[in-house]
Amino acid sequence: MKTLLGALSGLLAAALGIAAAELVAALLPGVTSPLLAVGNRFVDWTPPPLKDFAIETFGSADKAVLLGGMVVTVAVLAALAGALGVHRPRVAAGAFVVLVVVAGAATVADRAASAGIAVRLVPVAVMLLAGLAALLGLLHLLGSRVVRPTTRDGASSGTRPEGTPPEGRDFDRRRFLAAAAAVSAAAAGGGLASRAIGGAAASDRAALELPAASDGAGPIPRGTVLDVDGITPYVTPNADFYRVDTALQVPKVPLDTWSLRIHGMVDSDIELTFEDLLAMPLVERRVTMTCVSNPVGGELVGTATWLGVRTKDLLAMAGVQAGADAVKSTSADDMTIGTPLEALTDDREALIVVGMNGEPLPLDHGFPVRMITPGLYGYVGATKWLVDLEVTRFADFEAYWTPRGYAEEAPIKLSARIDVPRSFARVRRGPVTVAGVAWAQPTGVARVEVRVDHGDWEVAELGTADTPHTWRQWRHTWDAGEPGGHTLVVRCTDTDGNVQVEERAPVAPDGSSGWHSVRVTVED
Ligand SMILES: Nc1nc2c(c(=O)[nH]1)N[C@H]1C(S)=C(S)[C@@H](COP(=O)(O)O)O[C@H]1N2
Ligand SMILES: [Mo]
């Protein structure tokens, strides 16, 4: 019984320590909470193959899985320490200090933190004091103080040390429970308060009304959207848009704290507020975006209507100097991304984006401001929570993903995907609709072909071309005759005549290649 209450004391002390640290971290600008800092270490140290596995297996839930695993680990360790602490409070305190030191090291090293070291350590100190006080206080109430380290023989032989009242009656149960309830309430209160503080960005977003574009995306052409059951929608709703980033907790950037610095190899440094940005000419463009981690046939791809300022207009304001070939962008959570200067200034119209499908950017997708660079994988051109653009040279810096096994420059490879029928579907004999999407930036999709088993390639029908930077829906009618298993394969060709290659490539270092296929069974 006492062991259980000791474990409970450990758990509650850890909860209070973490909640207090979260609250203090939320109040201090530029400071990462210890829990997130430890998580960020895991994210940064995860080898790319494991990261790709996590993205493929858990999708956008990868972060929840990591955080859940951390919470369970900390809970188990804290409960163990508390249980041990019933007889050995010093050991429990020591274990707690070790956990805090680990969290402290992660906090000091955190990439998302911008405050000075001393300030970064404030939440850690609070965690130590609050957690330790709760732990020792609760253990004290359990009556463990009468066990002195010198009476070890008594404890280890299983008999009670001299002077200890019998188990179960040796402590004031009411006082312990009252104290435990108080610690729980304080932990819950701290947790809720720290969440509420993060709400400023959300309420700014809710209240924000973006100006209209002076140069709109225009209506979607007639015939672009094909009427096929189960095909990917031409424009991806925000709620369904894939999400890939290293942020365990989405950076919450209130509008009045946001600014964009443009500096480096420029004639004059500039710093813009959100208002300054909105005062510039806004354009709206439909662009398909995808992730380098998207496997053949994968779902990490979407199309949205983006509203923003042309990146080249912003760079021109600062005046790019000769010799520069790259822009290093930095986010509020200190992600760094390197983009070829040319991709940001040529006629593909890279954007500094504020709106997505008629709304302010969702918090998950970079509120208040992100980059969208048509034709480049997200990790080299789509910085979310953007705060800094440095005009520079590739030779002079290394972006976050570069030492992690990904190419410095990565244009999107052309690709086609079969949406219907789904893999392992059972279909009836007769006409079967095969359909999906294909993308080939920067020139656009010219042709999509479908092959059944080892038959001839047959040309599919394409939705009307919208822009070279948006995908095209396609469909084909297959006359399914022979009952049994069949393999459907798709490939696309761009308007320059480049045909999608059959050769399989993994996602690292610069994106997957290979034809997507699905296996279906024709029923008798
Ligand atoms: N700050 C920040 N921006 C980021 C990332 C990130 O981890 N942090 N990931 C990039 C990657 S790998 C991709 S594919 C896109 C994904 O954008 P989305 O989540 O809006 O789809 O964001 C890019 N921008
Ligand atoms: Mo990505």
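Residues numbered from 1 in each chain as written. Chains lettered and ligands numbered in written order. Predicted model: local features only at pLDDT ≥ 70, side-chain atom pairs only at ≥ 80, totals over all residues. Heavy atoms only, no water.

Q: Describe the site of ligand 1, with residues and values.
A: Within the structure, ligand 1 sits among 20 residues, and Tyr242, Thr246, His365, Arg370 and Lys384 are positioned closest to it. One nitrogen or oxygen atom from the main chain of threonine 246 is found 2.9 Å from an oxygen atom belonging to ligand 1. A distance of 3.2 Å separates a nitrogen atom of ligand 1 from a polar side-chain atom of serine 331. Compared with its free state, where it exposes 530 Å², ligand 1 has 99% of that area covered by protein. Judged by the fraction of its atoms near the pocket grid, ligand 1 is located in the second largest pocket. The residue inventory of the shell around ligand 1, partitioned by class, reads 10 nonpolar, five polar and five charged. (Near = heavy atom within 4 Å. Polar contact = N/O pair within 3.5 Å; in protein donor to acceptor, adjacent residues only side chain to side chain. Areas by Shrake-Rupley, 256 points an atom, 1.4 Å probe, with all protein chains shown as cover. 1 Å grid on protein atoms, 1.4 Å probe; cavity = no way out; pocket = protein on both sides within 12 Å on 5 of 7 lines; lining within 4 Å. Sits in = over half its atoms within 2 Å of the grid points. Nonpolar A, V, L, I, M, F, W, Y, C, P; charged D, E, K, R; others polar.)

Q: Now, about the environment of serine 33: what can you tell me, with residues and values included?
A: By the secondary structure assignment, serine 33 is in the loop between α1 (2–27) and α2 (34–45). By relative accessible area, which is 5% here, serine 33 ends up buried. In this structure, the C-alpha to C-alpha distance between serine 33 and valine 102, residues 69 residues apart in sequence, is 13 Å. Residues in contact with serine 33, not counting those within four places in the same chain, are Glu22 and Ala25. (Helix = DSSP H or I, 4+ residues; strand = E, 2+ residues; numbered from the N terminus. Buried < 20%, exposed > 50% of the residue type's maximum accessible area, 1.4 Å probe, protein only. Contact = heavy atoms within 4.5 Å.)

Q: Lay out empty space enclosed by the protein in plain terms, naming residues and giving numbers.
A: It is the rolling of a water-molecule-sized probe over the atoms that shows where space remains empty. Summed over all chains, the structure comprises two cavities of 30 Å³ or more. Of the voids in this model, the largest cavity is the one considered here, and its volume is about 120 Å³. As for the largest cavity, its lining consists of 18 residues, of which Asn294, Tyr377, Ser415, Trp439 and Ser512 are closest to the centre. For the lining of the largest cavity, the per-class residue count stands at seven nonpolar, 10 polar and one charged. Composition of the lining of the largest cavity by domain shows at least three residues from each of domain 2 (238–404) and domain 3 (415–523). Lining the second largest cavity we find 13 residues, and of these Gly338, Val380, Ala399, Thr402 and Glu408 sit closest to its centre. Of the residues contributing to the lining of the second largest cavity, the split by class is nine nonpolar, three polar and one charged. (Points joined across faces, edges and corners; volume = space filled by probe spheres on them. Domains from an automatic or database assignment.)

Q: If you had to explain the packing of α1 against helix α4 (residues 62–85) to someone new, which residues and values would you point to?
A: Where α1 contacts α4, the axes come no closer than 6 Å and their chain directions differ by 130 degrees. What the angle tells us is that α1 and α4 run oblique. The element α1 and its partner α4 pack so that their crossing is right-handed. Between α1 and α4, the residues in contact are Thr3, Gly6, Ala7, Gly10, Leu11, Ala14 and Ile18 and Val74, Ala75, Ala78, Ala79, Gly82 and Ala83, respectively. (Axes fitted to C-alpha atoms, helices over the stretch in contact; angles between N-to-C directions. Parallel < 35°, antiparallel > 145°, perpendicular 65-115°, else oblique. Left-handed = near helix turned anticlockwise from the far one by under 90°.)

Q: Describe the UniProt feature "domain: Oxidoreductase molybdopterin-binding" (unreviewed entry) in the protein, naming the residues involved and giving the relevant values.
A: Under the UniProt annotation, "domain: Oxidoreductase molybdopterin-binding" (unreviewed entry) lies at residues 248–401. The span residues 248–401 is 12% helix and 37% strand, and its two end C-alpha atoms sit 17 Å from each other. (UniProt positions renumbered as here; feature names shortened; annotations may be inferred.)

Q: Which residues make up the side chain of arginine 310, and what are the values?
A: Within the element layout of this structure, arginine 310 appears in strand β4 (residues 301–310). For arginine 310, a relative accessible area of 17% gives the class buried. Within the structure, the side chain of arginine 310 is placed 3.3 Å from the side chain of aspartate 215, a separation counted as a polar contact. Leave out the neighbours within four places in its chain, and arginine 310 touches Asp215, Val283, Arg285, Glu349, Ala350 and Leu351.

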